[in-house]
Every structure is written in C-alpha cells, then in structure tokens.
Amino acid sequence: PSASSGDSMKIPREVFDEVWEYNRMLDRLSMMTTHPNRTGMQHTGARHISDSGTREEMAEFIGVFSEEALHDYQHFVEDERATQTFRQLLSGIQAVELRVQDDPMRMRAFTFQE
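Residues numbered from 1 in each chain as written. Predicted model: local features only at pLDDT ≥ 70, side-chain atom pairs only at ≥ 80, totals over all residues. Heavy atoms only, no water.

**So, the packing of helix H1 (residues 13-33) against helix H5 (residues 80-101)**
Put simply, the rule reads: To get an axis, fit a line to the C-alpha atoms, keeping to the stretch in contact for a helix; angles then go from 0 to 180 degrees between the N-to-C directions. Counting from the N terminus, the helices are DSSP H or I runs at least four residues long and the strands are E runs at least two residues long. Left-handed describes a crossing in which the near helix is turned anticlockwise from the far one by less than a right angle; the clockwise case is right-handed. Contact definition: two residues touch when any of their heavy atoms are within 4.5 Å.
Running from N to C, H1 and H5 cross one another at 145 degrees; their axes reach a closest spacing of 10 Å. H1 and H5 meet at a crossing whose hand is left-handed. Across the interface between the two elements, Glu-18, Tyr-22, Met-25, Leu-26, Arg-28, Leu-29, Met-32 and Thr-33 from H1 touch Ala-82, Thr-85, Phe-86, Leu-89, Leu-90, Gly-92, Ile-93, Val-96, Glu-97 and Arg-99 from H5.

This is the structure we're talking about:
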C-alpha cells in the first residue's frame, strides 16, 4: 500500500506494518473486554478469530475483562497473567498513538488505512 497517486507523500512499508500491528493490539484488547456471548465466540470458541497467532495467544483471555466478568475490580488482581497482558497491550497502543500524534505521515497512514 502507498499514498494515493495524487499524493506527493510516500508512506514507507514499515508505517503500514505499524498500522497493522496497532490494529492487532486493538483486536486483542477488544477480545479481553467483550463477553464471548456478544461476539459469537461462545459457539466457535477462539476459532472465529482470523489471525491464528492471535487466536492461540488470546484464547484463554477471551472475555476475561468483560463487563459481565468484572463484578468488582478484584479480578485485575486475581488474574495476574491476564492483567499483565492487558497492561502490555494498553502500553503498546498508547506508545503507537504518541508516535503518530506528531508525525503527519504516520497520522495519514492511520487515518486513511487502505
């Protein structure tokens, strides 16, 4: 992918890779915070997820921090692996957002994902 033909700004491949990884982190975070009953995964399990690496990596965390699973915030303390994964994803997402906010080329790539 590259900027549209009328653009003078060429977007490097690594920026598109960064967009892909950012979206993958968002997908993982979404899997952790959405109850399986709302995603259709209660019947298919994690097979519904298109990226097999994400599917295998995140299968144990599907819905772990959904609203239904969190009756109180003790769950974050009780499930240390899930909490660590959640925090790492959030930190990764925030790091990308900080890089993008002051970089017009990256902002364009993230805004006009093709």
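**Overview of the pattern of salt bridges**
This is how it is decided: The working definition used for a salt bridge is a side-chain nitrogen of Lys or Arg within 4 Å of a carboxyl oxygen of Asp or Glu. Exposure classes here rest on a 1.4 Å probe applied to the protein chains alone. A residue is buried below 20% of its type maximum, exposed above 50%, and partly exposed in between.
For the coordinates displayed, the defined rule picks out five salt bridges. Between Asp-17 and Arg-13 there is a salt bridge; the shortest N-O distance is 3.3 Å. Pair noted here: Asp-17 and Arg-13 are both in helix H1, with a separation of four residues, about one helical turn. Under the relative-accessibility criterion, Asp-17 is labelled partly exposed at 38%. According to the relative accessible area criterion, Arg-13 is partly exposed, its value standing at 47%. Between Arg-99 and Glu-18 there is a salt bridge, with its nearest N and O atoms 2.7 Å apart.

**Here we look at the packing of aromatic side chains**
Heads up, the condition is: Only Phe, Tyr and Trp rings are paired, with Trp represented by its six-membered ring, and only when their centres lie within 6.5 Å; those with planes under 30 degrees apart are stacked, over 60 edge-to-face, the remainder tilted.
Scanning all chains against the criterion turns up one aromatic pair. When the centroid spacing of 5.2 Å and the interplanar angle of 80 degrees are considered together, the rings of Tyr-22 and Phe-110 count as edge-to-face. Pair noted here: Tyr-22 is in helix H1 and Phe-110 is in helix H6 (residues 104-111), with a separation of 88 residues, a long-range link. An identical accessibility class is assigned to Tyr-22 and Phe-110; each is buried.

**So, H5**
Convention followed: The span you would expect from a helix comes to 1.5 Å times its residue count less one.
The end-to-end C-alpha distance of H5 is 31 Å, a good match for the 32 Å that 22 residues give at a rise of 1.5 Å each. For H5, the complete set of buried residues consists of Ala-82, Thr-83, Thr-85, Phe-86, Leu-89, Gly-92, Ile-93, Val-96 and Val-100.

**Some words on H6**
For clarity, the threshold we go by: For this quantity, the arc is that covered by the directions from the helix axis to the C-beta atoms. Here a polar contact is taken to be a pair of N or O atoms separated by no more than 3.5 Å, where protein atoms must pair a possible hydrogen donor with a possible acceptor and residues adjacent in sequence count only if both atoms sit in side chains.
Among the residues of H6, Met-105, Arg-106, Ala-109 and Phe-110 are the ones counted as buried. Along the axis of H6, the buried positions cluster into a sector of 130 degrees, meaning they face one direction only. Its buried side turned inward, H6 meets H1 and H5. One side-chain oxygen of the residue at the start of H6 lies 3.1 Å from the amide nitrogen of Met-105, identifying that residue as Asp-103.

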